[in-house]
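Residues per chain are reported as follows:
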Amino acid sequence: MTETILQARNLSKQFGGFKAVNGVSLDVARGTVQALIGPNGAGKTTTFNLLTRFLDATSGTIRFDGKDITRRHPADVAMDGMVRSFQISATFPHLTLIENVRIALQRREGGTFRFWRPITRSETLNDKAEKLLADVGLADRGGRLASSLSYGRKRALEIATTLALRPKLLLLDEPTSGMGIEDIAPITALINRLRGSMTVLMVEHNLSVVAELSDRITVLARGEVLAEGTYAEVSTNPDVTRAYMGE
Ligand code: ADP
């Protein structure tokens, strides 16, 4: 039996007189990779912001991991285990990659950030940080400054710092945007490895990435759910084709 980790019912968001999201319901099954796709202006980002509580819904409900989080503070939602990839601006450009990931690891452990740690503990943190960097294709770069990375590799670093928080549900906002092919491969390999042990919900424009990774896809158009299913199902749905053609 599949268990739903995230459930949205009838979510709506109104900006002035405009309904950016209009009655969206979706279910994400634990341990799966799900994508939210749709043409520009479909309401993907707004839905993402509603789910992570960065925006208050005008109406509707959200349940995460058995709990009603419809009005919960975003920081508490993150502590519950729903973690959104940080913006690049949240990484520290003048620190090394290892230091960036260590800060996230220490945050997860609930401690305030301290430079001083007993040696053994510090080595464990370094080992964990190096493993996370290797997971996102940044092995052997740990000593470099974050500011020296290309855009695509900064996105990979951002994902490593997010994973350091050991989320139950990882929300990725266009994880491969701005990446070259050489940067995309480690990220898709990583998301494939996470399947089962973690749940992933991503907004992604690159349809070949969506096809490769997604167990289920929710297609939004004009603020509403237009279709839902596997890639084979939604990609052959004439309503979906029409929505993309009209972009
Ligand atoms: P997508 O991510 O699918 O491109 P968005 O969720 O960003 O779509 O936007 C959906 C619609 O809501 C767009 O028409 C956008 O202009 C509008 N919108 C988004 N945020 C705001 C806002 N803060 N105020 C007014 N309109 C907004």
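Numbering of residues starts from 1 in every chain and runs along the sequence as written. In keeping with the predicted nature of the model, local features appear solely for residues at pLDDT of at least 70, side-chain atom pairs appear and are counted solely at 80 or more, and the whole-chain, interface and lining totals rest on all residues.

*Asks:* Just checking my understanding: could you explain unusual backbone geometry for this structure?
*Replies:* Most peptide bonds adopt trans geometry, and most residues besides glycine take a negative phi value. Positive phi values are uncommon outside glycine, yet Asn10 reaches one of about 55°. Segments assigned H or I by DSSP are reported as helices when at least four residues long, segments assigned E as strands when at least two residues long, and all are numbered from the N terminus. Tracing the sequence through the fold places Asn10 in strand β1 (residues 4-15).

*Asks:* Would you explain the domain arrangement of the protein chain in this entry?
*Replies:* By a widely used convention, the size of an interface equals the accessible area lost when the partners come together. Here the protein chain is described as being made up of domain 1 (1-81 + 167-247) and domain 2 (89-165). Placing C-beta atoms from the backbone, we regard two residues as in contact once those atoms come within 7 Å. With 10 residues of domain 1 at the contact, the number on the domain 2 side is 11 residues. The leading source of residues in the side of domain 1 that touches domain 2 is helix α6 (residues 181-194), at 4 residues. As annotated, the domain borders come from an automatic or database domain assignment.

*Asks:* Looking at this structure, I do not really get the site of the ligand. What am I missing?
*Replies:* Any residue whose C-beta atom, as set from the backbone, lies within 6 Å of a molecule or strand is reported as near that molecule or strand. Taken together, the neighbourhood of the ligand is formed by Phe15, Phe18, Ala20, Gly38, Asn40, Gly41, Ala42, Gly43, Lys44, Thr45 and Thr46. Among the elements of the structure, β2 (18-29) and α1 (44-51) are those that each provide at least two residues to the shell around the ligand. With 3 residues, α1 is the largest single contributor of residues to the shell around the ligand. Taken together, the residues of the shell around the ligand break down into 4 nonpolar, 6 polar and 1 charged. Note that Gly is not counted as nonpolar here; it falls among the polar residues with everything else outside the nonpolar set of Ala, Val, Leu, Ile, Met, Phe, Trp, Tyr, Cys and Pro and the charged set of Asp, Glu, Lys and Arg.

*Asks:* I tried to follow the packing of helix α5 (residues 151-163) against α6 on my own but got confused; where do I start?
*Replies:* The axes of two packed helices give the description: the angle between them and the distance between them. Only the stretch in contact is used when a helix axis is fitted, and all axes are lines through C-alpha atoms; the angle between N-to-C directions ranges over 0 to 180 degrees. Relative orientation of the contacting elements α5 and α6 amounts to 15°, with a least axis distance of 9 Å. Put simply, α5 runs roughly parallel to α6. α5 and α6 meet at a crossing whose hand is left-handed. Residues Gly152, Arg153, Ala156 and Ile159 of α5 form the contact with α6, whose participating residues are Asp183, Pro186 and Ile187. Along the lines of polarity and charge, the residues of the contact of α5 with α6 split into 4 nonpolar, 1 polar and 2 charged. Each angle is binned into one of four classes, with values under 35 degrees roughly parallel, values over 145 roughly antiparallel, values of 65 to 115 roughly perpendicular, and all other values oblique. What makes a crossing left-handed is the near helix being turned counterclockwise from the far one by less than a right angle; a clockwise turn instead makes it right-handed.

*Asks:* Whenever I open this one, the sheet that holds strand β4 (residues 59-64) confuses me. Can you help?
*Replies:* The pairing of strands in a sheet comes from backbone hydrogen bonds and takes either a parallel or an antiparallel form. With antiparallel pairing, the 4 strands of this open sheet are ordered in space as β2-β1-β4-β5. Strand pairing shows two members of the sheet lacking a second neighbour, β2 and β5 (67-68), which therefore form its edges. Strands are labelled as partners when DSSP assigns at least two bridges between them. Bridge count between β1 and β4: 5 bridges; the pairing is antiparallel. Counterpart to Arg9 in the pairing with β4 is Thr61. The sheet contacts of α1 involve β1, β2 and β4, and relative to β1 the element is tilted by about 120°.

*Asks:* Sorry, what's going on with the nonpolar core here?
*Replies:* The nonpolar core is taken to be a set of buried Ala, Val, Leu, Ile, Met, Phe, Trp, Tyr and Cys residues joined by way of C-beta atoms within 7 Å. Buried residues are those with 20 or more other C-beta atoms within 10 Å of their own C-beta, exposed residues have 12 or fewer, and partly exposed residues lie in between; C-beta atoms are placed from the backbone. Judged by nonpolar contacts, the single largest core of 65 residues is most densely connected at Val101, Val136 and Ala160. A domain split of this core shows at least three residues from each of domain 1 (1-81 + 167-247) and domain 2 (89-165). Setting aside anything within four residues of it in sequence, one finds Val101 in contact with Ala129, Leu132, Leu133, Ala160, Thr161 and Ala164.

*Asks:* Just checking my understanding: could you explain the pairing of β4 for this structure?
*Replies:* Two elements, β4 and β5, share 2 bridges in a ladder whose sense is antiparallel. Residue pairing across strands places Arg63 opposite Asp68, the latter belonging to β5.

*Asks:* Mind showing me how you'd approach the sheet that holds strand β3 (residues 33-37) here?
*Replies:* In spatial order, the strands read β6-β7-β8-β3-β9-β10; together these 6 strands make up an open sheet with mixed pairing. Each of the sheet's edge strands pairs with one partner strand only, and the pair in question is β6 (82-84) and β10 (224-229). Strand-to-strand twist across the sheet, computed as the mean angle between neighbouring axes with direction ignored, equals 20°. Across 5 bridges, strand β7 (residues 169-173) lies against strand β8 (residues 199-203) in parallel orientation. When the bridges of β8 are listed, Leu169 appears paired with Thr199.

*Asks:* Looking at this model, I keep getting lost on the environment of Asn10. Mind explaining?
*Replies:* According to the C-beta neighbour criterion, Asn10 is exposed, with 12 such atoms within 10 Å. Taking C-alpha positions, Asn10 is 6.8 Å from Thr61, a pair spaced 51 residues apart along the chain. Not counting residues up to four positions away in its chain, the partners in contact with Asn10 are Gly23, Ser25, Ser59 and Gly60.

*Asks:* Help me understand α5, please; the structure alone is not making it clear to me.
*Replies:* Every α-helix carries 3.6 residues per turn, so stepping three or four residues along brings you back to the same face. Counted at 1.5 Å a residue, the expected span for α5 with its 13 residues is 18 Å, and the 19 Å between its end C-alpha atoms agrees. Taken residue by residue, α5 has Arg153, Lys154, Arg155, Ala156, Leu157, Glu158, Ile159, Ala160, Thr161, Thr162 and Leu163 as its buried positions. What a helix should span is 1.5 Å times the count of its residues minus one.

*Asks:* Which parts of the structure should I look at to understand the confidence of the model for the protein chain?
*Replies:* For any part of a model where pLDDT is low, the fine detail of the predicted coordinates should not be relied upon. Across the protein chain, pLDDT averages 89, with 91% of residues at or above 70. Here the predicted complex carries an ipTM of 0.97, next to a pTM of 0.89. One confidence number per residue, pLDDT, is output by the predictor and ranges from 0 to 100.

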